[in-house]
Amino acid sequence: MLFGRTNVNKFLVEEQRRNPALAGDFSMLVSDIVRSCKAISHGVSRGALAGVLGDAGSDNVQGEAQKKLDVLANDAFLHHCEWGGHLAAMASEEMDDIYPIPAGNPRGDYLLVFDPLDGSSNIDVNLSVGSIFSILRCPGDIAKPTVEDFLQPGTQQVAAGYAIYGPATMLVLTVGNGVHGFTLDDEIGEFLLTHPDLKIAPETKEFAINTSNERFWEPPVRRYVEECLAGKTGERGKDFNMRWIASMVAEVHRILMRGGVFMYPRDSKDPSKPGRLRLMYEASPMAMIIEQAGGRASTGRTDLLKIKPDALHQRVPVILGSRSEVERLIRYHDEYDRGEDKPFTSPLFAERSLFAGGD
Ligand code: AHG
Ligand code: MN
Ligand code: MN
């Protein structure tokens, strides 16, 4: 099919015609983001040949060691998105403070929030990573954007998306009218629409959680996972499969393709952190994508999209994916909070069982 596929620019112009609220520069702003993702995709794919692997030797504001590619990917977003005149400011997981558009460049009334490289612990082992972004409107004076302008609940997002740098590079995008996937055709340098109107299967037999944290989980999450592990012989009456890629982009992408549930729940590992993932850079944009694809996204107690951030780098518990599974997890949290959950009775976890320890 030589000329048949819609490229991302045409898709955006058509969306903008359909929805007049996507005013002015919207499609051009997304084009700048797309250019950032293409540049990052190129850097990631060159790997050791480009000398981009390994640590940068610095920490980000959250005390996490930065990879060289975390810094390069952050620079790619700034470089491609700061000159177009569509933004008032940007904020990123890798920057301490907001980044107002430098003096000398025109400003627009959008704000861009991003995780430039998600899953960056996978970089040095050549596994999938991605970039996540979210577009908001600037409610305040675009001449003086503030942190407060950014602190909007996920329901206010104009658009959200991610790029996944996997065996193929893909862009997955929502502008509030479903979720659409584009595959990068390296030959012509364009993202082409290959996965229109993605929908998440409501039922699933696949879950994703870092089980090394099990001892820190709350009872409702333990209950859910234990029931999945009990399989056909347990409460659920069916066998489950488990996956953990350590890249939220890759987990969400798998869920969009074939269903599933992803959890980075509240845990007691570090009481100062209510969760591992960041609300503005990871949870909110992914929640918009998941819900636009018919799934559900929650902390277990609150819809992720309804949370108004208190701070730029705020962390939250995240449970998202196939609707019926997320709703089950919400019910388990509710039953636990009300003291109504029945004691778990799976034979797998009974005393002297496979998982119970003992002699
Ligand atoms: P980042 O690389 O942007 O810091 O994000 C990594 C996140 C997320 O993508 C992934 O789900 C999770 O951290 C992995 O956590 P563990 O290292 O605990 O597996
Ligand atoms: Mn991340
Ligand atoms: Mn990151």
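Rules used in this analysis
- Residue positions are counted from 1 within each chain, in the order its sequence is given.
- A letter from A marks each chain and a number from 1 marks each ligand, given out in the order of writing.
- Where totals are concerned, whole chains, interfaces and linings use all residues; where local detail is concerned, this predicted model gives features only for residues with pLDDT of at least 70, and gives and counts side-chain atom pairs only at 80 or more.
- Note: side-chain values were computed over all heavy atoms of the structure, leaving out hydrogens and water.
- Throughout this description, the term salt bridge denotes a Lys or Arg side-chain nitrogen within 4 Å of a carboxyl oxygen of Asp or Glu.
- The helix count covers DSSP runs of H or I at least four residues long, the strand count covers runs of E at least two residues long, and both are numbered beginning at the N terminus.
- Accessibility here uses a 1.4 Å probe with only protein chains present; expressed as a share of the type maximum, an area under 20% marks a residue as buried, one over 50% as exposed, and anything in between as partly exposed.
- Being near a molecule or strand, for a residue, means having at least one of its heavy atoms within 4 Å of it.
- Two N or O atoms form a polar contact when they lie within 3.5 Å of each other; inside protein one atom must be a possible hydrogen donor and the other a possible acceptor, and for residues adjacent in sequence the pair counts only when both atoms belong to side chains.
- Residues are sorted three ways: Asp, Glu, Lys and Arg are charged, Ala, Val, Leu, Ile, Met, Phe, Trp, Tyr, Cys and Pro are nonpolar, and all the rest, Gly among them, are polar.
- Note: domain ranges come from an automatic or database domain assignment.
- Throughout, a residue-residue contact means that at least one pair of heavy atoms, one from each residue, lies within 4.5 Å.
- In this description, a donor is an N, O or S atom within 2.8 Å of the metal centre, a cutoff extended to 3.2 Å for sodium, potassium and calcium. Water is not part of the atom list, which can make sites seem incomplete.
- Think of it this way: DSSP has to see at least two bridges between two strands before they count as a pair.
- Every axis in this analysis is a line fitted to C-alpha atoms, fitted for helices over the stretch in contact. Angles between the N-to-C directions lie between 0 and 180 degrees.

1. Things to note about the pattern of salt bridges
Summed over the entire model, instances satisfying the criterion amount to 30 salt bridges. Among the ionic pairs, arginine 258 bridges to glutamate 206, the shortest N-O distance being 2.9 Å. In this pair, arginine 258 is assigned in helix H6 (residues 248-258) and glutamate 206 in strand E11 (residues 206-208), connecting sequence segments 52 residues apart. Arginine 258 gets classed as partly exposed once you look at its relative accessible area, which sits at 48%.

2. Comments concerning the site of ligand 1
Not every one of the 17 residues close to ligand 1 is listed here, only the nearest: Asp118, Gly119, Ser120, Met248 and Tyr264. For ligand 1, an oxygen atom lies 2.7 Å from a polar atom in the side chain of aspartate 118. Arginine 278 places a side-chain nitrogen or oxygen 3.1 Å from an oxygen atom of ligand 1. At the level of secondary structure, the elements contributing two or more residues to the shell around ligand 1 comprise strand E5 (110-118), strand E13 (261-264) and strand E14 (277-278). Broken down by element, the shell around ligand 1 gets its largest block of residues, three residues, from E5. In terms of residue class, the shell around ligand 1 is built from seven nonpolar, four polar and six charged. In this structure, the shell around ligand 1 is formed jointly by two domains, domain 1 (8-195) and domain 2 (206-349), each of which donates at least three residues.

3. So, the environment of alanine 311
Summarising the element assignment, alanine 311 is placed in the loop between strand E15 (296-298) and strand E16 (315-316). A residue is classified by how much of its surface remains accessible, and alanine 311, at 35% relative accessible area, is partly exposed. Along the backbone, alanine 311 and glutamate 148 are 163 residues apart, and their C-alpha atoms lie at a distance of 8.4 Å. With sequence-adjacent residues up to four places away left out, alanine 311 is seen in contact with Leu151 and Met280.

4. Some points on the coordination of the manganese ion (ligand 2)
Geometry sets the ideal angles at a metal, namely 109.5 degrees for four tetrahedral donors and 90 or 180 degrees for six octahedral donors. With distances of 1.9 to 2.1 Å, the protein atoms coordinating the manganese ion (ligand 2) are Asp115 (OD), Asp118 (OD) and Glu282 (OE). Each donor residue of the manganese ion (ligand 2) belongs to the same chain, with the gaps between them written as D-x2-D-x163-E. In this structure, the manganese ion (ligand 2) lies 3.7 Å from the manganese ion (ligand 3), and both are coordinated by aspartate 115. Of this pair, aspartate 115 sits in strand E5 while glutamate 282 is found in helix H7 (residues 279-292), placing the two residues 167 residues apart along the sequence. Judged by relative accessible area, which is 0%, aspartate 115 ranks as buried. For glutamate 282, a relative accessible area of 1% corresponds to the buried category.

5. With respect to the sheet that holds strand E12 (residues 241-242)
Reading across from one edge, E12-E11-E13-E17-E15 is the order of the five strands in this open sheet, with mixed pairing throughout. Looking at the sheet topology across the chains shown, the edges are occupied by E12 and E15. Looking at chain direction, E11 and E12 are connected through two bridges and run parallel. Bridge pairing links phenylalanine 207 to methionine 242 in E12. Contacts from H6 reach E11, E13 and strand E17 (318-321), with the element oriented near 30° to E17.

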